[in-house]
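# Coordinate inspection notes
Next come the chains, spelled out residue by residue.
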Amino acid sequence: MSGVQQIEIAGDEGDQRLDRWFRRRFPHIGQGRIEKMCRKGEIRVDGGRVKPATRVEAGQVVRVPPLPEPGDVAAQPARPQVSEADAKAIRAAVIYRDDHIIALNKPPGLATQGGSKQTRHVDGLSEALRFGLDEKPRLVHRLDKDTSGVLLLARTRAMAGALTEAFRARDTRKIYWAAVAGAPTPTMGTIRFGLVKAPGRGAGGEGEKMRCIHPRDVDSTPGAKRATTDYAVLSDLGGRVSWAALVPVTGRTHQLRAHMAEIGHPIIGDGKYGGSGQENLGDGWGAGLGGALSSKLHLHARSLSLTHPVNGGRLVLTAPLPEHMERTWKMLDWHAGDVPLDPFEELE
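Because the structure is a prediction, the values reported are computed rather than measured.

Take the side chain of Ser148 next. Residue placement: Ser148 occurs in strand 10 (residues 148-154). Its relative accessible area of 1% is what places Ser148 among the buried residues. One polar contact links Ser148 to His300, side chain to side chain, over a distance of 2.7 Å. Discounting chain neighbours no more than four positions away, the residues touching Ser148 are Lys106, Pro107, Pro108, Leu143, Leu299, His300, Ala301 and Pro322.

This part is about the packing of helix 1 (residues 18-25) against helix 2 (residues 31-39). Running from amino to carboxyl end, helix 1 crosses helix 2 at an angle of 125°, the nearest separation of the two axes being 10 Å. One way to sum up the angle between helix 1 and helix 2 is to call them oblique. Once helix 1 is placed against helix 2, the crossing between them reads as right-handed. Where helix 1 abuts helix 2, its residues Leu18, Asp19, Phe22 and Arg23 lie against Gln31, Ile34, Met37 and Cys38. Across the contact of helix 1 with helix 2, the residue classes tally to five nonpolar, one polar and two charged.

Taken together, four strands build an open sheet; the order of strands is 1-6-3-4 and the sheet is antiparallel. Looking at which strands have only one partner, the edges of the open sheet turn out to be strand 1 (5-8) and strand 4 (48-49). Bridge count for strand 3 (residues 44-45) against strand 6 (residues 61-64) is two bridges, and the pairing is antiparallel. Bridge pairing in strand 6 places Val45 opposite Val62.

Calculation rules
- Residues numbered from 1 in each chain as written.
- Predicted model: local features only at pLDDT ≥ 70, side-chain atom pairs only at ≥ 80, totals over all residues.
- Heavy atoms only, no water.
- Helix = DSSP H or I, 4+ residues; strand = E, 2+ residues; numbered from the N terminus.
- Buried < 20%, exposed > 50% of the residue type's maximum accessible area, 1.4 Å probe, protein only.
- Polar contact = N/O pair within 3.5 Å; in protein donor to acceptor, adjacent residues only side chain to side chain.
- Contact = heavy atoms within 4.5 Å.
- Axes fitted to C-alpha atoms, helices over the stretch in contact; angles between N-to-C directions.
- Parallel < 35°, antiparallel > 145°, perpendicular 65-115°, else oblique.
- Left-handed = near helix turned anticlockwise from the far one by under 90°.
- Nonpolar A, V, L, I, M, F, W, Y, C, P; charged D, E, K, R; others polar.
- Pairing = 2+ DSSP bridges.

Okay, here's the thing in structure tokens:
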């Protein structure tokens, strides 16, 4: 196609990565080409230079440079090849499947989407999750690379739109389990610190980190967004470590990790927000426990519930803990059957 285009982000296209938006609009353009056009400044948002991972919002205008026609053979990307081992692994992660939805128990260490130097991810491996359909399933939300648990995919474009709207309308409910340093007080509460992206975190955004902002300062802080997290302590071992249930009322980047660190109780294994210390120096705990316990991030999307867009029934998806958290729970004598799936339910 010839000429530069100026395309406005539609109301149902906001709050997603630029490269994901671009691939949806121009599926014949590969990720490598998108990254190159961003580096050269050919793709811009509201006139400014951007990265592939830049999040776009409804109403913003994307400058799209001249692109090859979809029928141009040279422009057509080959369907990504998934190795037999990877295909087997991603299929083994499926915890629910029907004609419309697939849910995975995403393992820790596997990215949800591709990016700079990130070639193995759920979005690519989902080629192995077609299960007879012509199109691969689409992501409708994300989990951090080191966070495990329930991840939802839509099997058709129409279902992707319906599920995206369900997330936007907060018809979904996500409950995370975490091992956190110390014992939060009170044992049940709400964290309302805003979040803003911290500067200077790597050329490709791979070191991205969020900074907490006091609620009274959110409106006056450029780029800051309001964020709310509910938490409940399910078990406390002598004030040293606690089993917590976390509900992200809003869905900001690194929200749970940043919020728990801000109140002095970082998630175990979170070196980015809690450091690797194992003691309380008066300004909050470090995120390490030492000994035989794993140093991996102890954050797991335990359950996700939503109204099924087709049959109208309430769908509740639950994911078993990953191996490293299962070992920690066993060592600390914590048992899933001893706690309610939703500890906040009786308060609503």
